[in-house]
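Each chain is listed here by its residues.
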Amino acid sequence: MCDSNLVSVRFSVLAESSPGLLPRLLQPLAKRDLTADAMTARREGDDMRVELVLDAMPEEMVHLVAGNLGQVMGVMEVRVVAGSALQLAA
């Protein structure tokens, strides 16, 4: 039996606004079988600010997803705010 820590996480991404940006930002979650609990996107001039919120995400995946988000074409900045950890016994 292995234990996994879950954390609440908010990824804030600043990227150049372009068609197809939003699905490209969801891909790092999808390939890890994760689904965002909330997502907001708004234009800021020529750029786009996107926030992805996960209420319970495996702690060990946070830096992987953040790194993948930073590799998406047009992304200029990724900020991560991780909340409290929950213990899950699997």
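For the structure itself, consult the block above.
Just so it is clear, the model here is predicted, and its values are computed rather than measured.

The rules we used
Residues numbered from 1 in each chain as written. Predicted model: local features only at pLDDT ≥ 70, side-chain atom pairs only at ≥ 80, totals over all residues. Heavy atoms only, no water. Helix = DSSP H or I, 4+ residues; strand = E, 2+ residues; numbered from the N terminus. Buried < 20%, exposed > 50% of the residue type's maximum accessible area, 1.4 Å probe, protein only. Polar contact = N/O pair within 3.5 Å; in protein donor to acceptor, adjacent residues only side chain to side chain. Arc of directions from axis to C-beta. Core = buried A, V, L, I, M, F, W, Y, C linked by side-chain atoms within 4.5 Å. Contact = heavy atoms within 4.5 Å.

*Asks:* In this structure, what is going on with the environment of R49? I would like to understand it.
*Replies:* Along the polypeptide, R49 turns up in strand β3 (residues 47–58). Looking at R49, the relative accessible area reads 13%, which means it is buried. Along the backbone, R49 and S17 are 32 residues apart, and their C-alpha atoms lie at a distance of 8.7 Å. A polar contact of 3.4 Å, which involves the side chain of R49, links it to the side chain of S12.

*Asks:* How do you make sense of helix α2 (residues 62–71) when you look at a structure like this?
*Replies:* Because an α-helix packs 3.6 residues into every turn, residues spaced three or four apart end up facing the same way. All of the buried residues in α2 are V62, V65, A66, N68 and L69. Burial along α2 is one-sided: seen end-on, the buried residues are contained in an arc of 165 degrees. Of the exposed residues in α2, the ones pointing more than 90 degrees away from its buried face are H63 and Q71.

*Asks:* Which parts of the structure should I look at to understand the nonpolar core?
*Replies:* Burial of nonpolar side chains together is a common tendency in soluble globular proteins. Core analysis: the largest hydrophobic core is formed by 20 residues, its most contacted members being F11, L25, M57, V65 and L69. For this core, the secondary-structure elements that each account for two or more residues are β1 (3–16), α1 (21–30), β3 and α2. Other than its neighbours up to four places away in sequence, V65 contacts F11, P28, L29, R32, L34 and M57.

*Asks:* Can you walk me through the environment of H63 in this structure?
*Replies:* With respect to the helices and strands, the residue H63 is situated in helix α2. According to the relative accessible area criterion, H63 is exposed, its value standing at 57%. Considered as a pair, H63 and V80 are 17 residues apart in the sequence and their alpha carbons are 8.8 Å apart. Side-chain polar atoms of H63 contact the backbone oxygen of E60, separated by 3.4 Å.

The values are spatial; any link to function lies outside them.
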